[in-house]
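The lines below spell out each chain.
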Amino acid sequence: EDDNVLHIGGIFPIRGKGGWQGGQACEPAVRLALEDVNKNSILSGYQLKLHWNDSECDPGLGASVMYDLLYNKPQKLMLLAGCSTVCTTVAEAAKMWNLVVLCYGASSPALSDRNRFPTLFRTHPSATVHSPTRITLMKKFEWYRIAILQQTEEVFISTVEDIETRCKQNGIEIITRQSFVSDPADAVKNLRRQDARIIVGLFYVVAARKVLCEMYKQQLYGKAYVWFFIGWYKDNWFEVNLKEEGIKCTKKEMRIAAEGHITTEALMWNQNINQKTISGQLKLKKNNENTNTSEDFRQRLENVLRLEGYAIDRHRYPEGYQEAPLAYDAVWAVALAFNKTMTILEKQGKSITSFNYNNKEIADHIYSAINSTQFLGISGWVAFSSQGDRIALTQIEQVINGKYVKLGYYDTQDDNLTWFDKEKWIGGKVPQDRTVIRRVL
Ligand SMILES: CC1(C)CO[C@@H](CC(=O)O)CN1
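Residues numbered from 1 in each chain as written. Predicted model: local features only at pLDDT ≥ 70, side-chain atom pairs only at ≥ 80, totals over all residues. Heavy atoms only, no water.

S.K.: Which parts of the structure should I look at to understand the sheet that holds strand E5 (residues 120–122)?
M.R.: Pairing between sheet strands relies on hydrogen bonds along the backbone, with the strands arranged either parallel or antiparallel. Spatially, E2-E1-E3-E4-E5 is the arrangement adopted by the 5 strands of the open sheet, whose pairing is parallel. Among the strands making up the open sheet, the edge pair consists of strand E2 (47–54) and E5. Looking at each pair of strands side by side, their axes are set apart by 25° on average, direction ignored. Note: strand E4 (residues 100–105) against E5, 3 bridges, orientation parallel. Directly across from Leu 102, in E5, lies its bridge partner Phe 121. (Pairing = 2+ DSSP bridges. Helix = DSSP H or I, 4+ residues; strand = E, 2+ residues; numbered from the N terminus. Axes fitted to C-alpha atoms, helices over the stretch in contact; angles between N-to-C directions.)

The structure is reproduced here in structure tokens:
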């Protein structure tokens, strides 16, 4: 084996349908990161080399890709993977090979379980990262009586459990929890029956369009209601695909129902677009001018995607564009962890390249190195919790006159809400969480 190369495996969801094909933009982002890491002196002379294949976001195919990577030379030192379903399968098995798994595209709360996934780390935040943000907003606007409407998908079921726990801790009553498989009509009717006013909605974007139209038809929108939707749908999600998906509302009706809703999402692109990130801070051997801010990265990624045939200038983005910084930063996390591991091993006269799937001692060094790795990445500050979860900022927006407006950011770590006082309420005042009976004296 060429002795100055460190080999890693990669599993990307590219083709296929259903699930998340985010490998389309994340694999190119990983290529950019490998370029930057390898022109750096960070691995003291070693080159980082990736061997990867497509999982189509299918756990079975992902498992066979993993076996191919592990049963074919060269020996891999760790695995990158995307999609919650694939990460669940790969991370559960990887411990048998003492491999760290770094997931750049997995949001399922179920993955925050060190018993099932002892060597899993994620640069993609768990879906539970929204919960403290939602709770903070409820307390800010004094909404202590809320309802939940969710699609019956694993990721939303475990997210609701997290919301319920946090509501109990904060004295917020969940008056009803409605779920639906694909038609939300009855669930929305039950919300109205319970006089729900503040509703947290957890569903994928196709279901979200059905919910919005139901809200319009059953008049569960406007000045007396506040809806929390997930923020990672496309900006004009409520105006597109209405015909194709058999939505029985017009664009105008969808806009009326959507007006005023609030969204929460994890920040995946460093908002400080001129901040020098890690690959800009370290001395790049060749071209020093690349400070690699998140804006630099966006330009570089879009150039690569154009070369791959995506009509970026006509907003034809591949899936995973939003998550691309998470994939880029995952490679940097690996490089920084390997750098730490090599330094420690060299002092003991050992080498990282003597890792052989059974060498738990080296695996433990790699694990503890990544566990303590923190740096400023393209996706912002990268750090991992004790369960390997990404610690991330969340962003709050509201639809005002049909367009998303940034209302603020929330940092869970220090419970700090940055608020811009931009919110607009249709009735001119903060909607209440229940019907207030005015006593006429
Ligand atoms: C924000 C989103 C779309 C959530 O799902 C992730 C994919 C997954 O969890 O399988 C990718 N990023």
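After presenting the structure, the write-up continues.
S.K.: What am I meant to see in the confidence of the model for the chain here?
M.R.: Low-pLDDT stretches of the model should not have their predicted coordinates read in fine detail. When pLDDT is averaged across the chain, the result is 95; 97% of the residues are at 70 or more. A low-confidence stretch, residues 284–289 (pLDDT under 50), is modelled with 8 contacts involving residues beyond four sequence positions or located in other chains. Here the prediction assigns the complex a pTM of 0.94, and the interface score ipTM is 0.99. (pLDDT = per-residue confidence, 0-100. Contact = heavy atoms within 4.5 Å.)

S.K.: Where do I start with the sheet that holds strand E15 (residues 416–419) in this structure?
M.R.: Spatially, E7-E6-E8-E9-E10-E13-E14-E15 is the arrangement adopted by the 8 strands of the open sheet, whose pairing is mixed. Bordering the open sheet on either side are strand E7 (173–180) and E15, each of which pairs with just one other strand. Strand-to-strand twist of the sheet, defined as the mean angle between neighbouring strand axes without regard to direction, takes the value 25°. Looking at chain direction, strand E10 (residues 262–266) and strand E13 (residues 393–400) are connected through 5 bridges and run antiparallel. Within E13, the residue paired with Thr 264 across the bridge is Ile 396. Helix H4 (residues 130–140) contacts strand E6 (145–151), strand E8 (198–202), strand E9 (226–230), E10, E13, strand E14 (403–411) and E15 of the sheet and is inclined by roughly 145° relative to E10. Sheet contacts for helix H7 (residues 205–217): E6, E7 and E9; angle to E9, the most-contacted strand, approximately 165°.

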